[in-house]
Amino acid sequence: TWGLFKMKIIFLHILVILLTQPDIIQGSLRKEVKKVECSNWFLDEKEIDNSRGGNSRSKTGISVLSTNNIVEILIDGADFMASLYDDIEKTKAGDYVHGTFYEEHSGVMLKPNASDIEGSKNTSIYNVLGRALKRGVKVRLLTNLNLLQGSKAIIFCVEMNFLCGHICCGPDLRHPGVIGGNLHTKMWVIKRGDETVAYNGGIDVAGGRWDTVLHDNSPERQMNFKFFDHTAVHDQSIRIRGPAVVDFERDFYYRWNDPYPPIFPMFFLPHYEWVTPPFIAARDEGTSVQFLRTLACTGAQKGYYKHFAPRGEFSGLEAFVKLVHKANNYLYLADQFFNFAEPMAEVKKALPRLKAVIILTDDQNAPNLMSEERYYWQHKALSQLLEDPAQKDKVHIFSLVRDNDPSAYIYVHTKMFIADDEFMIGCLLYTSPSPRDRG
């Protein structure tokens, strides 16, 4: 076997560098960073269109690249949910809250406080959105529907539609299939007054996802639902302000208004008209952001996405391959699965010129449905990196446990790829256009 080492750390707190100026990075960590030539890393328009079977993406209104953005990295669920709470609470009449998720639990508290149980319940996503609706805010939500989610997605949307008084939530089956497909995007677009903010990441407002960088079993964590049997979940979300929010809202607009209904007639989604969301750009150069996604060919063949991706889109995979090809020193690759051999074959080709490849993932000890199948594909993908005796010592594979309790597994749910301290692909579940694509 290829072996998997465990990194015994209290937390993994990575400062990602996104072609930014130092005063743009928000949060507790700051670092002087060098200016990087964007064209060396980002996909150009032709590369994006090639990932869509030659179909133009620019014609749908999504930019090739946006600049002058303000980007904040939120490590783990506690920071993300507190920020999401603050942004939704700032909405007023005429604003909107749009969201897509893999799963969502209405009772999850965004700001749990063990010393104030009743006050904490007022921060549940159900109550936060309920207050927004009373203020005259429009709420529109899409949540994944497949075999694993089943009735949970339907129950959540029934709850939200009752709260809204009309259809504002749809369990979405517009993906490759009920067994292997899913809507895996965790995205929020929130218009609050004269500014719109967007979130994109790996964190659902769901059971067990509220966690801190300590990854301990705190009273606040116990107040929210459990996530399998994990004592901790490592993940991140990215909060974006600036012109990139237009691309996120455009993606949601097309998904919501797709003429193919999400599932049952009882969840027919009322059309809404496009209005360019207001935004505030960075004062200086800010951060360059490119919108990437995976829309499976098999979904497109079923008639989904026909107004915005009639042949599917694999810009995420295209960007990952370019990142690997451009890296000269090291790659940091964090992914929940690493199930696909094709992208790892590109990493294998790059090994001779690289100094190191650091991989963070889950091993066979991580509780998960279909774990045998999952780790078969993971082994097949990662073992090829260790085939060359001259290169295998450059490859370092880790999982996470708590420092004071090695038996306490930290579930790696993050998806983040960094090259040479210069470029990051964040919050992307990459896949490949093969019979196993999931969308």
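Computed from a predicted structure; not experimentally measured. (Residues numbered from 1 in each chain as written. Predicted model: local features only at pLDDT ≥ 70, side-chain atom pairs only at ≥ 80, totals over all residues. Heavy atoms only, no water.)

Caption draft 1: Local environment of the pattern of salt bridges. Inspection of every chain in the model, using the stated rule, returns 22 salt bridges. A salt bridge links Glu 72 to Arg 239; the shortest N-O distance between them is 3.6 Å. Here the residue Glu 72 occupies a position in strand 2 (residues 66-75), and Arg 239 occupies one in strand 9 (residues 236-241), the gap between them amounting to 167 residues. The exposure class assigned to Arg 239 is buried, which follows from its relative accessible area of 12%. With a closest N to O distance of 2.5 Å, Arg 241 and Glu 195 form a salt bridge. With Arg 241 in strand 9 and Glu 195 in strand 7 (residues 195-201), the pair connects residues that are 46 residues apart, well separated along the chain. With a relative accessible area of 22%, Arg 241 lands in the partly exposed category. (Salt bridge = Lys/Arg side-chain N within 4 Å of Asp/Glu carboxyl O. Helix = DSSP H or I, 4+ residues; strand = E, 2+ residues; numbered from the N terminus. Buried < 20%, exposed > 50% of the residue type's maximum accessible area, 1.4 Å probe, protein only.)

Caption draft 2: Spatial organisation of the nonpolar core. The biggest cluster of nonpolar side chains holds 40 residues, and the ones touching the most others in it are Phe 248 and Tyr 305. Tallying contributions element by element places helix 7 (residues 244-256) first for this core, with 8 residues. Setting aside residues up to four positions removed in sequence, Phe 248 forms contacts with Met 187, Val 189, Ala 198, Asn 200, Ile 240 and Phe 291. Grouped together as the second largest cluster of nonpolar side chains are 33 residues, Ile 88, Leu 110, Cys 164 and Ile 203 included. (Core = buried A, V, L, I, M, F, W, Y, C linked by side-chain atoms within 4.5 Å. Contact = heavy atoms within 4.5 Å.)

Caption draft 3: Main features of the sheet that holds strand 9. Taken together, 8 strands build an open sheet; the order of strands is 5-4-3-6-7-9-2-10 and the sheet is mixed. Because the sheet does not close on itself, it has two edges, and the strands there are strand 5 (169-172) and strand 10 (287-289). Within this sheet the neighbouring strands show an average axis-to-axis angle of 25 degrees, counted without direction. In the sheet, strand 7 pairs with strand 9 via 5 bridges, with the strands oriented antiparallel. Each bridged residue has a counterpart across the sheet, and for Asn 200 the counterpart in strand 9 is Ile 238. (Pairing = 2+ DSSP bridges. Axes fitted to C-alpha atoms, helices over the stretch in contact; angles between N-to-C directions.)

Caption draft 4: Highlighting the pairing of strand 17 (residues 416-419). Here strand 17 shows a buried face lined by Met 416 and Ile 418 and a second buried face lined by Phe 417 and Ala 419. Strand direction decides the pairing type here: strand 13 (residues 330-334) and strand 17, joined by 4 bridges, are antiparallel. Looking at strand 17, one finds that Ala 334 is bridged to Met 416. As judged from the 4 bridges shared by strand 17 and strand 18 (residues 423-426), these two strands associate in the antiparallel manner. When the bridges of strand 18 are listed, Phe 417 appears paired with Ile 425. Hairpin connection from strand 17 to strand 18: 3 residues lie between these consecutive antiparallel strands, with Asp 420 at a positive phi of about 55 degrees.

Caption draft 5: Representation of helix 7 within the structure. In this model helix 7 runs 19 Å from its N-terminal to its C-terminal C-alpha over 13 residues, within 8% of the 18 Å that 1.5 Å per residue would give. Among the 13 residues that make up helix 7, 13 are buried, leaving the element largely enclosed by the rest of the structure. (Expected span 1.5 Å × (residues − 1).)

Caption draft 6: Expanded view of the confidence of the model for the protein. Summarising the model, the protein shows a mean pLDDT of 85, and 85% of its residues fall at 70 or more. Ignoring residues within four places in sequence, the model shows residues 432-439, a span with pLDDT below 50, making 31 contacts including any to other chains. (pLDDT = per-residue confidence, 0-100.)

Caption draft 7: Local environment of the state of the cysteines. With the rule as written, the count across this model stands at 2 disulfides. Paired through a disulfide, Cys 157 and Cys 169 show a sulfur-sulfur distance of 2.1 Å. Given an S-S torsion of about -55 degrees, the disulfide between Cys 157 and Cys 169 has left-handed geometry. Of the two residues, Cys 157 is situated in helix 5 (residues 151-164) and Cys 169 in strand 5; the sequence distance between them amounts to 12 residues. Each of the two residues, Cys 157 as well as Cys 169, counts as buried. Here Cys 164 pairs with Cys 168 through a disulfide, and the sulfurs are 2.1 Å apart. (Disulfide = S-S within 2.5 Å.)

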